[in-house]
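A closer look at the structure
The lines below spell out each chain.
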Amino acid sequence: METTIANKLKALYKLQALHTQIDKIRQLKGLLPEEVSDYEDKIVGIKTRVDQLKNDLDALKHEFDNTKNLIRASNDAVSKYQSEVGSVKNNREYDALLKEIEIQHLDIQLHQKRLMKIEGDIVNKTSDYRSAQTDLEANQKYLIIKKDELDKISAETQAKEKELTQLALDAGRDIDSNLLAAYTLLRKKAKNGLAIVTVERDACSGCFNHTPAQQQAEIRLHQRIIVCEFCGRILVDEGLVSEGAIT
Ligand SMILES: [Zn+2]
């Protein structure tokens, strides 16, 4: 009887070890596609921002050129009026010319003020544009890294997962159906997928609650299957599963 229970526990623990390996592979893959798609979404957002900043910058440069042209035109007008000052026929014409020149000078001042404002805006926008581009490049790099990682894992794990799944199927055949059903149910309920765990440092290594000394002594006897009173997982002593029987 003792051997039978001990063997049942060993077989179950072996099955658990295989399932844990499969879980780990699936976890790795389960996380990466999400990360890849997060980066893809993020990149779309940053690209939109880069495009918007580029458009703003183009508009500012266009306005800068326009304003410069307006200043040039005003300067030309001033030169023209000044050349006419010598050939005026009367005071009225003279006053009118001076008035025009004054108006042009005011315009030039306004345009120059505007030009300085645009120059400042261009400096700020250029800085925003460059940092957005740096951000974009960094995220594109991360995306490539994550994609490569995912491709590599997918290629590597496909064969391994298949092999482990087959081994788990074989291991499951040696376990009686009631115990296997209980194990499957426990695994489904447990967050970490562990249905059978060792007692380590006087505690259940599934939920880390204290395992009483008397219960530990009973576990070591392998006379019946004992479950953790806190989480319901099947408990085994480390001695049983570290005998080299578990591969
Ligand atoms: Zn527990």
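Here the structure is a predicted model, which is why all the values come from computation and not from measurement.

Let's talk about the overall build of the protein
Across its full length, the protein carries five helices and three strands. Along the protein, from the amino end to the carboxyl end, the secondary structure elements read α-α-α-β-β-α-β-α. Taking 18 Å as the expected radius of gyration for a compact globule of 247 residues, we find that the protein reaches 40 Å, considerably beyond that expectation. A principal-axis box enclosing the C-alpha atoms of the protein has dimensions of 130 × 40 × 25 Å. Each of the 247 residues in the protein was classed as buried or not, and the buried ones make up 34%. Of the contacts formed within the protein by residues at least 6 apart in sequence, a portion of 74% connects residues at least 24 apart. Total accessible area on the protein stands at roughly 16,100 Å², and carbon and sulfur atoms take up 52% of it. Taken together, the 37 basic and 40 acidic charged side chains of the protein have centroids lying 2 Å from each other.

Things to note about the coordination of the zinc ion
Taken together, the protein donors to the zinc ion comprise Cys204 (SG), Cys207 (SG), Cys228 (SG) and Cys231 (SG), at separations of 2.2 to 2.3 Å. For the zinc ion, the four donor atoms in the first shell make angles of 105 to 114 degrees at the metal, a pattern classed as tetrahedral. Ordering the donors of the zinc ion by residue number gives the pattern C-x2-C-x20-C-x2-C. Taken together, the residues cysteine 204 in strand β2 (residues 203-204) and cysteine 228 in the loop between α4 (213-221) and β3 (234-237) connect sequence positions 24 residues apart. The exposure class of cysteine 204 is buried, given its relative accessible area of 0%.

Side note on α4
Residues separated by three or four positions in an α-helix point in the same direction, a consequence of the helix having 3.6 residues per turn. All of the buried residues along α4 are Gln215, Gln216 and Ile219. Buried residues in α4, looked at end-on, bunch into an arc of 100 degrees, giving them a common side. Opposite its buried face, α4 presents the exposed residues Ala213 and Gln214, each directed more than 90 degrees away. Looking at the packing, one finds that the buried side of α4 touches β1 (196-200) and β3.

Looking at helix α2 (residues 91-173)
Taking 1.5 Å per residue, 83 residues should reach 123 Å; α2 reaches 117 Å between its end C-alpha atoms and fits that length. Two or three places before arginine 92, at the opening of α2, asparagine 90 has a side-chain oxygen 3.2 Å from that residue's backbone nitrogen.

Examining the pairing of β1
Of all five residues making up β1, four are buried, and the element is well covered by its neighbours. Pairing geometry for β1 and β2, over two bridges, is antiparallel. By the bridge assignment for β2, glutamate 200 is matched with alanine 203. Hairpin connection, β1 to β2: the antiparallel pair is bridged by two residues, and arginine 201 has positive phi, about 50 degrees.

Observations regarding the nonpolar core
Core analysis: the largest hydrophobic core is formed by 25 residues, its most contacted members being Val50, Phe64, Tyr81, Ile118, Ile122, Tyr129 and Leu136. Broken down by secondary-structure element, the contributors of at least two residues to this core are α1 (2-85) and α2. Ranked by the residues each element gives to this core, the list is headed by α1, at 13 residues. When neighbours within four sequence positions are excluded, phenylalanine 64 is seen to be in contact with Leu115, Ile118, Glu119 and Ile122. Formed by 22 residues, the second largest nonpolar core is a distinct cluster that contains Ile5, Leu15, Leu186 and Leu240.

Some remarks on unusual backbone geometry
The residue aspartate 202 is not glycine, and still its phi comes out positive at about 65 degrees. Inspection of the secondary structure puts aspartate 202 in the loop between β1 and β2.

Quick word on the pairing of β3
Of the two faces of β3, the one lined by Ile234 and Val236 and the one lined by Leu235 and Asp237 are each fully buried. Across four bridges, the pairing between β1 and β3 is parallel. By the bridge assignment, threonine 198 is partnered in β3 with valine 236.

Quick notes on the domain arrangement of the protein
Splitting the protein by domain gives domain 1 (2-28 + 176-241) and domain 2 (31-159). Look at where the C-alpha atoms of domain 1 and domain 2 centre, and you get two points 66 Å apart.

The rules we used
Residues numbered from 1 in each chain as written. Predicted model: local features only at pLDDT ≥ 70, side-chain atom pairs only at ≥ 80, totals over all residues. Heavy atoms only, no water. Helix = DSSP H or I, 4+ residues; strand = E, 2+ residues; numbered from the N terminus. Rg over C-alpha atoms; globule rule 2.2 N^0.38 Å. Buried < 20%, exposed > 50% of the residue type's maximum accessible area, 1.4 Å probe, protein only. Contact = heavy atoms within 4.5 Å. Areas by Shrake-Rupley, 256 points an atom, 1.4 Å probe, with all protein chains shown as cover. Lys, Arg positive; Asp, Glu negative; His and termini not counted. Charge placed at Lys NZ, Arg CZ, Asp CG, Glu CD. Donors = N, O, S within 2.8 Å, 3.2 Å for Na, K, Ca; no water. Tetrahedral: all angles 85-135°; square planar, octahedral: opposite > 155°, others 65-115°. Arc of directions from axis to C-beta. Expected span 1.5 Å × (residues − 1). Polar contact = N/O pair within 3.5 Å; in protein donor to acceptor, adjacent residues only side chain to side chain. Pairing = 2+ DSSP bridges. Core = buried A, V, L, I, M, F, W, Y, C linked by side-chain atoms within 4.5 Å. Domains from an automatic or database assignment.

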